[in-house]
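# Commentary on secondary and tertiary structure
If you want the building blocks of each chain, they are given just below.
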Amino acid sequence: MSTSVLTAQMREYFETGVTKNYDFRLEQLRKLKATVQKYEIEIFEALHKDLHKSKEECWITENGFFLSEIGVAIKKLSHWMKPEKVGTNLLNIPSSSFIMPEPLGVVFIISPWNYPFQLLLTPLIGAIAAGNCVVLKPSELAPATAAIMKTIIEETFDEKYILYVEGDGATVVPELMNSFIFDHVFYTGSTAVGKSVYELAAKNLVPVTLELGGKSPCIVEADADIKTAAKRIAMPKFSNAGQMCVAPDYLLVHHSVKDELVTELKKVIHNFFGDDAQKSDFFGRIINEKQFVRLEKYLSNGKLLAGGKADKSNLYIEPTLIEITDVNDAIMQEEIFGPILPIISFTEMQDAIRIIKLNKNPLAMYVFTSSSEKEKHWLSAIPFGGGCINNASLHLTNHKLPFGGRGASGMGNYHGKFSFDTFSHKKAVMKTPKWLDLAIKYPPYTNKLNLFKKAIN
Ligand code: NAD
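Cut-offs and rules
- Residues numbered from 1 in each chain as written.
- Predicted model: local features only at pLDDT ≥ 70, side-chain atom pairs only at ≥ 80, totals over all residues.
- Heavy atoms only, no water.
- Pairing = 2+ DSSP bridges.
- Helix = DSSP H or I, 4+ residues; strand = E, 2+ residues; numbered from the N terminus.
- Axes fitted to C-alpha atoms, helices over the stretch in contact; angles between N-to-C directions.
- Contact = heavy atoms within 4.5 Å.
- 1 Å grid on protein atoms, 1.4 Å probe; cavity = no way out; pocket = protein on both sides within 12 Å on 5 of 7 lines; lining within 4 Å.
- Points joined across faces, edges and corners; volume = space filled by probe spheres on them.
- Nonpolar A, V, L, I, M, F, W, Y, C, P; charged D, E, K, R; others polar.
- Polar contact = N/O pair within 3.5 Å; in protein donor to acceptor, adjacent residues only side chain to side chain.
- Parallel < 35°, antiparallel > 145°, perpendicular 65-115°, else oblique.
- Left-handed = near helix turned anticlockwise from the far one by under 90°.
- Core = buried A, V, L, I, M, F, W, Y, C linked by side-chain atoms within 4.5 Å.
- Buried < 20%, exposed > 50% of the residue type's maximum accessible area, 1.4 Å probe, protein only.
- Domains from an automatic or database assignment.
- Near = heavy atom within 4 Å.
- Areas by Shrake-Rupley, 256 points an atom, 1.4 Å probe, with all protein chains shown as cover.

### Re the sheet that holds strand β8 (residues 217–220)
Within the open sheet, the seven strands sit side by side as β10-β13-β14-β9-β8-β15-β16. Their pairing is mixed. Each edge of the open sheet carries a strand with a single partner, namely β10 (303–306) and β16 (386–389). Each neighbouring strand pair of the sheet contributes to a mean axis angle of 25°, computed without reference to strand direction. Bridge count for strand β15 (residues 364–368) against β16 is four bridges, and the pairing is parallel. Each residue of the ladder has a partner; that of Ala-364, found in β16, is Gly-386. Of the strands in this sheet, β8, β9 (250–254), β14 (340–346) and β15 are in contact with helix α13 (residues 349–356), which crosses β9 at around 170°.

Below is the structure:
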């Protein structure tokens, strides 16, 4: 069956109203959770095949992460679905008002390859919880994970409710978006492709959530606890071989603690991955040759401080530290998305701010400092999506925080209740009783201006 016939079927199914029911939504979430649990081993194997992820890393960042999010949705669904009572302004008294979340309709979720499982199925939790029908499009660049997700989705759901579509994104996505008017598109991936998706959506005024990338700075102040900072920076930077949207992209370190930080980072890398990271079970691989070649070029930028080894036959790039003195180097022009960490020293805060502003609106920012004054200053000086103080990347694991970017790093957000909100329309309703109907509201308005001025101001 062609995808346009399938999406038309989905629209019909959505119109029946079945997916709006609380029991239905809850049952679908429970079924999805059970199937994901059933295929735990296959998910581990697929992620190892695609990205050399260890089971432990998968649990933290992929299927375990997903299970934690779906657990929250199952527990909170009835609460999230309840209309929210709000106050009513003086003019409309004695009316009452409420906000009623309702499903958007048939929505489209498109995901990238770096966390191929989590980034497709976590938004799905919000979409199901909010009562939508969903078309899922995984990345074609993590084929083993795409295959196990196809099994999970097709075993759990009817295709008129949740449809799994595969293929080359540059062909499949425009085809789908030109042949069917979705009610929302939720896209995770690069900023460049995000712009094309936004353009396709704009033609039919389809709302979008864009979860994009960018260069996320990490600042280490002179008063930071350097040992702790080194661990907390190296963990996300080298997790999944740096192919993480919120990994610290580059370090801005106060010149007085640069040498100490570099020494600690080297120690930490050794503690994490041993004498040879290529032999470690806990160090990932670059997704494909195209990305490997792009990253390998960065190794000749700046001054090598640690690492630097690259093995194309194994898509391996060693955890690498590079000192950068020229911000015009290629490595500072685009998101790195790999295990190479540029280190730039600064003396005055203003100099560091100038460097960050070369890439406006990063997805994340991290500040390591012991001073609450500095913390406040950094938080107010730089617009960014989300971030951490004395930590890096882990803000995304707190479902009580909205996760998303701004400007070039995206629009909209999700996780926890925010996912439910992203896939719901907030219908605003005012209910007015019959027993009071003041004549002043109605024409003719002769001599009523002063009364209006009192009532409406
Ligand atoms: P990508 O943009 O190449 O691909 C993402 C998805 O878009 C894939 O499903 C792909 O098939 C599809 N696609 C590719 N070309 C397309 C086109 N021309 N038109 C429509 N769809 C197309 O991204 P990627 O390389 O898979 O992922 C890496 C990027 O994603 C990085 O920039 C990273 O920062 C970002 N990212 C962001 C987040 C976040 O939550 N903000 C999470 C992970 C990754």
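### Some thoughts on empty space enclosed by the protein
Considering all chains together, one arrives at three cavities of 30 Å³ or more under this definition. Within this model, the largest cavity holds a volume of roughly 50 Å³. Along the walls of the largest cavity sit Gly-214, Ser-216, Lys-237, Gly-242, Met-244, Cys-245, Ala-247, Pro-248, Asp-249, Glu-335 and Phe-337, which together make up its complete lining. Of the residues belonging to the lining of the largest cavity, the class tally is five nonpolar, three polar and three charged.

### Quick word on the side chain of Asn-301
Relative to the helices and strands, Asn-301 is located in the loop between α12 (289–298) and β10. Among the polar contacts listed, one links the side chain of Asn-301 to the backbone nitrogen of Ala-330, at a separation of 3.2 Å. One polar contact links the side chain of Asn-301 to the main-chain amide nitrogen of Ile-331, over a distance of 2.9 Å. With residues up to four places along the chain from it excluded, the contact list for Asn-301 reads Ile-322, Ile-324, Asp-329, Ala-330 and Ile-331.

### Side note on the packing of helix α2 (residues 22–38) against helix α7 (residues 143–156)
It is the contact of α2 with α7, at a shortest axis distance of 10 Å, that shows an interaxial angle of 140°. Taken as axis vectors, α2 and α7 run oblique relative to one another. Here α2 and α7 pass one another in a crossing that is right-handed. Taken together, the residues of α7 that come into contact with α2 (itself represented by Lys-31, Leu-32, Thr-35, Val-36 and Lys-38) are Ile-152, Ile-153, Glu-155 and Thr-156.

### Concerning the packing of α2 against helix α6 (residues 118–129)
In helix packing, the relevant descriptors are the interaxial angle and the interaxial distance, both defined with respect to the helix axes. Where α2 contacts α6, the axes come no closer than 9 Å and their chain directions differ by 160°. With respect to each other, α2 and α6 are oriented roughly antiparallel. Along the contact surface, α2 presents Arg-25, Gln-28, Leu-29, Leu-32 and Val-36, while α6 presents Leu-121, Leu-124, Ile-125, Ile-128 and Ala-129. Considering only residue class, the contact of α2 with α6 consists of eight nonpolar, one polar and one charged.

### Examining the nonpolar core
Counting residues in each nonpolar core, the largest one holds 143 residues, and the members touching the most others are Leu-32, Leu-121, Leu-124, Leu-136, Phe-182, Leu-321 and Trp-378. Top contributing element to this core by residue count: helix α5 (residues 63–81), with ten residues. Three or more residues apiece are contributed to this core by two domains, here domain 1 (3–212 + 407–429) and domain 2 (217–397). Formed by five residues, the second largest nonpolar core is a distinct cluster that contains Leu-51, Ala-142, Ile-287 and Phe-337.

### A short note on the side chain of Thr-369
The residue Thr-369 is located in the loop between β15 and α14 (372–381) in this model. A relative accessible area of 3% places Thr-369 in the buried class. Polar side-chain contacts of Thr-369 include one of 2.8 Å to the side chain of Asp-223. Those residues within four positions of Thr-369 in sequence are excluded, and the remaining contacts are Glu-221, Asp-223, Ala-224, Lys-374, Glu-375 and Asn-390.

### Thoughts on the sheet that holds strand β7 (residues 208–211)
The strand order across the open sheet built from six strands is β5-β4-β3-β6-β7-β17, with neighbouring strands paired in mixed fashion. Each edge of the open sheet is held by one strand with a lone partner, namely β5 (162–164) and β17 (410–411). The strands touched by α7 within the sheet are β4 (133–137) and β5, with β5 carrying the most contacts at an inclination of about 155°.

### What about the site of the ligand?
Contacts to the ligand come from 26 residues, most closely from Ser-111, Glu-140, Tyr-187, Leu-212 and Glu-335. Lys-137 places a polar side-chain atom, nitrogen or oxygen, 2.9 Å from an oxygen atom of the ligand. At 2.5 Å from an oxygen atom of the ligand is found a side-chain nitrogen or oxygen belonging to Glu-335. When isolated, the ligand has an accessible area of 840 Å², and the protein chains bury 89% of it. Those elements that place two or more of their residues in the shell around the ligand are α8 (169–179) and β6 (184–188). Counting residues per element, the shell around the ligand draws most heavily on α8, which supplies three residues. Residues of the shell around the ligand, tallied by class, amount to 14 nonpolar, eight polar and four charged. Each of domain 1 (3–212 + 407–429) and domain 2 (217–397) accounts for three or more of the residues forming the shell around the ligand.

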